[in-house]
Amino acid sequence: MDKLNNYGEIAKEYANKFIDYLPTLIGAIVLLLVGLWVIKLIVKYLKKLFDKKDYDPTLEKFTVNAASWGLKIMLFVLVITQLGVESASLVAAIGAAGLAIGLALQGSLSNLAGGVLIIVLKPFKVGDWIEAQGVSGSVVEISLFYTKLDTFGNQRVVIPNGELSNDNITNYSFNKTRKENLSFGISYDDDIKKAKEVLTNMVMEQEKILKDPAPQIIVSELGDSSVNFSVRYFAELPDFWDLHWYMIEEGKIRLEEAGMTIPYPQRDVYLYDQTKMRGTERDRRSAE
């Protein structure tokens, strides 16, 4: 009976403490719910604000996520403080936890820092065609930790932002125009002026090739087997690759129709009759 009485007293004591603590707990829950609702409204407002103006999608996503997490952390601190935990102890605990997490996730934090640099400095954006880390492709997504590319073969490549931000990046879509440099070779026996005229006419007939800066058709090299022409011109990015494939095929066709020869690599091979050479050597020695 004594034990039952003791248990009853303990239960009654904790029940009284819970009743006394209940307003604080309810207040913390209400603060949490109201805080989450307010954060939701703020995030929704930020998204509408970004939608009204032409901001970079990556910057928009990063800003909204950063604001959401920052507000949630502040709300968490307020709720814990409302429950009676001292703010100084809470800050110390969060600092210790942050240090431990930082040491454990050094690589991820490096990627995070790289993602922030990419978003702020904007060396490329979604939709650009870039080459980096030995891979070239169209940028599909830029997140805080990784950048995703779709290659020419429609393969998805995921590159850590830490490595990407510390390496050379070639952005083929940064400028609105791009310069082409095609090479055509003819035989040494062909007429250089005629070949140049054929290539010049072919270039001038293409409406999608920009006239300013003016195209150039020059003899770029006297090779081992051919005289090489360099066909250089500028084109708008949407027209560049269609022109590239067309000009290679059309250049070969027109040069052949004009009687030009596109030579194969050549080597001069000399054959010597070793029997006659040995006989000549013996005769020379006998004469001596």
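Here is a short report on the structure shown in this document.

How each quantity is defined
Residues numbered from 1 in each chain as written. Predicted model: local features only at pLDDT ≥ 70, side-chain atom pairs only at ≥ 80, totals over all residues. Heavy atoms only, no water. Patch = residues over 30% accessible without salt bridge, like charges linked within 9 Å, V, L, I, M, F, W, Y side chains within 5 Å. Areas by Shrake-Rupley, 256 points an atom, 1.4 Å probe, with all protein chains shown as cover. Salt bridge = Lys/Arg side-chain N within 4 Å of Asp/Glu carboxyl O. Lys, Arg positive; Asp, Glu negative; His and termini not counted. Charge placed at Lys NZ, Arg CZ, Asp CG, Glu CD. Helix = DSSP H or I, 4+ residues; strand = E, 2+ residues; numbered from the N terminus. Buried < 20%, exposed > 50% of the residue type's maximum accessible area, 1.4 Å probe, protein only. Pairing = 2+ DSSP bridges. Axes fitted to C-alpha atoms, helices over the stretch in contact; angles between N-to-C directions. Contact = heavy atoms within 4.5 Å. Polar contact = N/O pair within 3.5 Å; in protein donor to acceptor, adjacent residues only side chain to side chain.

Moving on, we come to a positive patch on the surface. Residues Lys 40, Lys 44, Lys 48 and Lys 52 make up a contiguous surface patch of positive charge. Examined against the element boundaries, Lys 40 turns out to sit in helix H1 (residues 2-52). The exposure class of Lys 40 is exposed, given its relative accessible area of 62%.

With that out of the way, let us pick up the sheet that holds strand S7 (residues 216-222). Backbone-to-backbone hydrogen bonds pair the strands of a sheet. The strands run either parallel or antiparallel. Overall, antiparallel pairing links the three strands, which are arranged S6-S8-S7 in an open sheet. Bordering the open sheet on either side are strand S6 (177-186) and S7, each of which pairs with just one other strand. Across the sheet, the axes of successive neighbouring strands diverge by a mean angle of 25 degrees, strand direction being ignored. Relative to strand S8 (residues 227-236), S7 is paired through six bridges, and the arrangement is antiparallel. Residue pairing across strands places Ile 218 opposite Ser 230, the latter belonging to S8. Strands S6, S7 and S8 of the sheet are contacted by helix H6 (residues 192-204), whose axis makes an angle of about 15 degrees with S8.

Here we come to the environment of Asn 181. With respect to the helices and strands, the residue Asn 181 is situated in strand S6. Along the sequence, Asn 181 and His 244 sit 63 residues apart, while their C-alpha atoms lie 9.3 Å from each other. Contact partners of Asn 181, with chain neighbours within four places excluded, come to Ser 230, Val 231 and Arg 232. Among the polar contacts made by the side chain of Asn 181, one reaches the side chain of Ser 230 at a distance of 2.5 Å.

These values are about where atoms sit, not about what they do.
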